[in-house]
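# Residue-level structure breakdown
Here are the chains, one letter per residue:
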Amino acid sequence: MGYAVEAEALVKEYRMGLLPWRARTIRALDGVDLKVGRGTLFSLLGPNGAGKTTLVKILSTLLLPDSGWARVAGFDVVREANNVRSRIGVVLGGERALYWRLSGWDNLWFFSQLYGIPPREAKRRVKELLEIVGLEEWAHVRVENYSKGMKQRLHIARGLINDPEVLLLDEPTIGLDPKAAREVRSIIRRIVREGRTVLLTTHYMVEAEELSDRVAIISKGRIVAEGPPEDLKSLVGGESVIELKVMGGDRVSMLLERLGGRVISVVERDGARVFRVLVSEPDSFIEALLAELTRINASIRGLDVRSPSLEDVFIKLAGGEGG
Ligand SMILES: Nc1ncnc2c1ncn2[C@@H]1O[C@H](COP(=O)(O)OP(=O)(O)OP(=O)(O)O)[C@@H](O)[C@H]1O
């Protein structure tokens, strides 16, 4: 049956600077391989600048790769771009692809006509999409009066207007409050239940963990891990995560490593330092740690033990703090 999205060795570089002696290139994608099964939800998880948007743009035929190839809905994104376009929906983050002075209904109608959908079918489709994204009652209100969440839901409806096999969503919940983000996630779930493939980018762990069948962690233009969220978590498997919040933690890092812990991140919070440490025997580790911290007179502000989350995997592999 083939994959909904397939890519191999994709490379994309951006050239910066007009003057030749000042020019430099940024390798946004550095050999990306990808396979997304039909009817599944796949998340690309990565920090800012990892290359997520570049990848989505290539898959949606908006950008050409320098090398490598990709197929979406069975067609090559370079040689068969028209076939790809008619089978995908794209919702890019932060875009203003709606007409704010038109109503939700008029926006969807307009886009349905751009796709050449016959009027009868278009009417039915617009009505159905407004219902899917929960905007029936707002159908005839101008978009400028919509909340951020409602605008994003309408964006998603617009992405579905051509009844696509594959929906590409770039950061679908960015900038939304938690309630609006939850609503968008539940719409995304429904879209997948209906049999479509969704590929989304996010830098929110919870989103990737909660929604996805599979997740790829992307960092500096490379996929550093890929699999179902549970399998990825087992990359730090058998281990527990300890979060230690301590004042003036200069010596603490060394101490944690000496006791057999693996420090995966250190961040400043409220004037204290928060260490996130992977350990295999949490009970004996904490016992030894508390004894040592008391000995060096460290002031502990918090200590927490939990099982690893996707965020821990992400920090370990991508080497950055997640959102
Ligand atoms: N048009 C462009 N010109 C030059 N450099 C670019 C351009 N677009 C992206 N880049 C660079 O390419 C790299 C990857 O960017 P990209 O937007 O694909 O990452 P991202 O993972 O989507 O990040 P974000 O979440 O911040 O959008 C970054 O270093 C970025 O600065």
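In this text, all values refer to a predicted model and were calculated from it rather than measured experimentally.

About the thresholds
Residues numbered from 1 in each chain as written. Predicted model: local features only at pLDDT ≥ 70, side-chain atom pairs only at ≥ 80, totals over all residues. Heavy atoms only, no water. Helix = DSSP H or I, 4+ residues; strand = E, 2+ residues; numbered from the N terminus. Buried < 20%, exposed > 50% of the residue type's maximum accessible area, 1.4 Å probe, protein only. Contact = heavy atoms within 4.5 Å. Areas by Shrake-Rupley, 256 points an atom, 1.4 Å probe, with all protein chains shown as cover. Lys, Arg positive; Asp, Glu negative; His and termini not counted. Charge placed at Lys NZ, Arg CZ, Asp CG, Glu CD. Pairing = 2+ DSSP bridges. Axes fitted to C-alpha atoms, helices over the stretch in contact; angles between N-to-C directions. Domains from an automatic or database assignment. Core = buried A, V, L, I, M, F, W, Y, C linked by side-chain atoms within 4.5 Å. Near = heavy atom within 4 Å. Polar contact = N/O pair within 3.5 Å; in protein donor to acceptor, adjacent residues only side chain to side chain. Nonpolar A, V, L, I, M, F, W, Y, C, P; charged D, E, K, R; others polar. Parallel < 35°, antiparallel > 145°, perpendicular 65-115°, else oblique. Left-handed = near helix turned anticlockwise from the far one by under 90°. Phe/Tyr/Trp six-rings, centres within 6.5 Å; stacked < 30°, edge-to-face > 60°. Lys NZ or Arg CZ within 6 Å of the ring centre and 35° of its normal.

If you tally the helices and strands in the chain, you get 11 helices and 14 strands. Projected onto its principal axes, the C-alpha positions of the chain cover 75 × 50 × 45 Å. Here the chain, with 323 residues, has 49% of them falling under the buried criterion. Pairs at least 24 apart in sequence give 68% of the contacts found in the chain among residues at least 6 apart. Total accessible area computed for the chain in this model is approximately 16,000 Å², and 49% of it derives from carbon and sulfur atoms. Here the chain contributes 47 positive and 44 negative side-chain charges, whose respective centroids are spaced 6 Å apart.

Turning to the sheet that holds strand E3 (residues 41-45), a few remarks are in order. Hydrogen bonds along the backbone pair up the strands of a sheet, which may run parallel or antiparallel. Taking strand neighbours across the sheet as the criterion, the six strands line up as E6-E7-E8-E3-E9-E10 in an open arrangement whose pairing is mixed. A single partner strand is all that each edge strand has here, and the edge strands are strand E6 (88-91) and strand E10 (222-227). Across the sheet, the mean angle from the axis of one strand to that of its neighbour is 15°, orientation sign disregarded. Pairing analysis gives four bridges linking E3 to strand E9 (residues 214-219), with the strands arranged parallel. By the bridge assignment for E9, Ser43 is matched with Val215. Along the sheet face, helix H6 (residues 178-193) touches E3, strand E7 (166-170) and strand E8 (197-202) and points at about 150° away from the line of E8.

Once that is clear, we can look at the domain arrangement of the chain. Splitting the chain by domain gives domain 1 (3-232) and domain 2 (238-307). Placing the centre of domain 1 and that of domain 2 at their C-alpha centroids yields a distance of 40 Å.

As a rule of thumb, nonpolar side chains are buried together in soluble globular proteins. Membership of the largest hydrophobic core comes to 36 residues, with the highest contact counts inside it found for Leu108, Leu130, Leu154, Ile156, Leu169, Ile188 and Val198. Listing elements by their share of this core, those giving two or more residues are helix H3 (104-114), helix H4 (119-132), helix H5 (148-159), E7, H6 and E8. Sequence-distant contacts of Val198, that is, excluding residues within four places in its chain, are made with Thr40, Leu41, Phe42, Leu167, Leu169, Ile188, Ile191 and Val192. Counting residues in hydrophobic clusters, the runner-up holds 28 residues, among them Ala4, Val56, Leu59 and Leu168.

With antiparallel pairing, four strands are arranged side by side in an open sheet as E12-E13-E11-E14. In this open sheet, the two strands that pair with only one neighbour each are strand E12 (262-269) and strand E14 (300-306). Direction aside, the axes of adjacent strands within the sheet are offset by 15° on average. Here seven bridges tie strand E11 (residues 240-246) to strand E13 (residues 272-279), and the two strands are oriented antiparallel to one another. Pairing of Glu243 across the sheet is with Arg276, part of E13. Each of E11, E13 and E14 is contacted by helix H10 (residues 282-295), which is oriented at about 170° to E14, the strand it contacts most. Its contacts with the sheet place helix H11 (residues 310-318) against E11, E12, E13 and E14, and it is angled at close to 100° to E12.

Moving on to the site of the ligand. Around the ligand sit 13 residues in total, of which Gly49, Gly51, Lys52, Thr53 and Thr54 are the nearest. Residue Lys52 places a main-chain N or O atom 2.9 Å away from an oxygen atom belonging to the ligand. In this structure, Thr54 approaches the ligand through a side-chain N or O atom, which is 2.5 Å from an oxygen atom. Relative to its unbound accessible area of 630 Å², the ligand is 63% covered by the protein chains. Where the shell around the ligand is concerned, the elements lending two or more residues are strand E1 (5-16), strand E2 (24-36) and helix H1 (52-59). Counting residues per element, the shell around the ligand draws most heavily on H1, which supplies three residues. Residues of the shell around the ligand, tallied by class, amount to six nonpolar, five polar and two charged.

Turning to its location among the elements, Met205 is positioned in helix H7 (residues 205-211). Taking the C-alpha atoms as reference points, Met205 and Asp304, 99 residues apart in sequence, are found 19 Å from one another.

Attention shifts here to the packing of H3 against H4. For any two helices packed against each other, one specifies the inter-axial angle together with the distance between the axes. At a minimum axis separation of 10 Å, H3 and H4 run at an interaxial angle of 135°. Considering the angle they form, H3 stands oblique to H4. Where H3 crosses over H4, the two elements pack in a sense that is right-handed. Every residue of H4 that contacts H3 at Trp105, Leu108, Trp109, Ser112 and Gln113 is listed here: Pro119, Ala122, Lys123, Val126, Lys127, Leu129 and Leu130. Of the residues in the contact of H3 with H4, the class split is eight nonpolar, two polar and two charged.

Let us now look at the packing of aromatic side chains. Summed over all chains, the structure comprises four aromatic pairs. With a centroid separation of 5.2 Å and an interplanar angle of 80°, the aromatic rings of Tyr99 and Phe110 are classed as edge-to-face. On the criterion of sequence distance, the pair formed by Tyr99 in the loop between E6 and H3 and Phe110 in helix H3 is long-range, its members being 11 residues apart. The exposure class assigned to Tyr99 is partly exposed, which follows from its relative accessible area of 43%. Classification of Phe110 by relative accessible area gives partly exposed; the value is 32%. Judged by centre distance (6.1 Å) and plane angle (85°), the ring pair of Trp138 and Tyr146 falls under edge-to-face. Taking the relative accessible area as the measure of exposure, Trp138 reaches 35% and is therefore partly exposed. Looking at Tyr146, the relative accessible area reads 5%, which means it is buried. By way of ring pairs, the aromatic residues Tyr99, Phe110 and Phe111 are connected into one cluster. Taking NZ or CZ as reference, Lys151 lies 4.0 Å from the ring centre of Trp100, over its face. The lysine or arginine in question, Arg158, covers the ring of Phe111, its NZ or CZ lying 5.4 Å from the ring centre.

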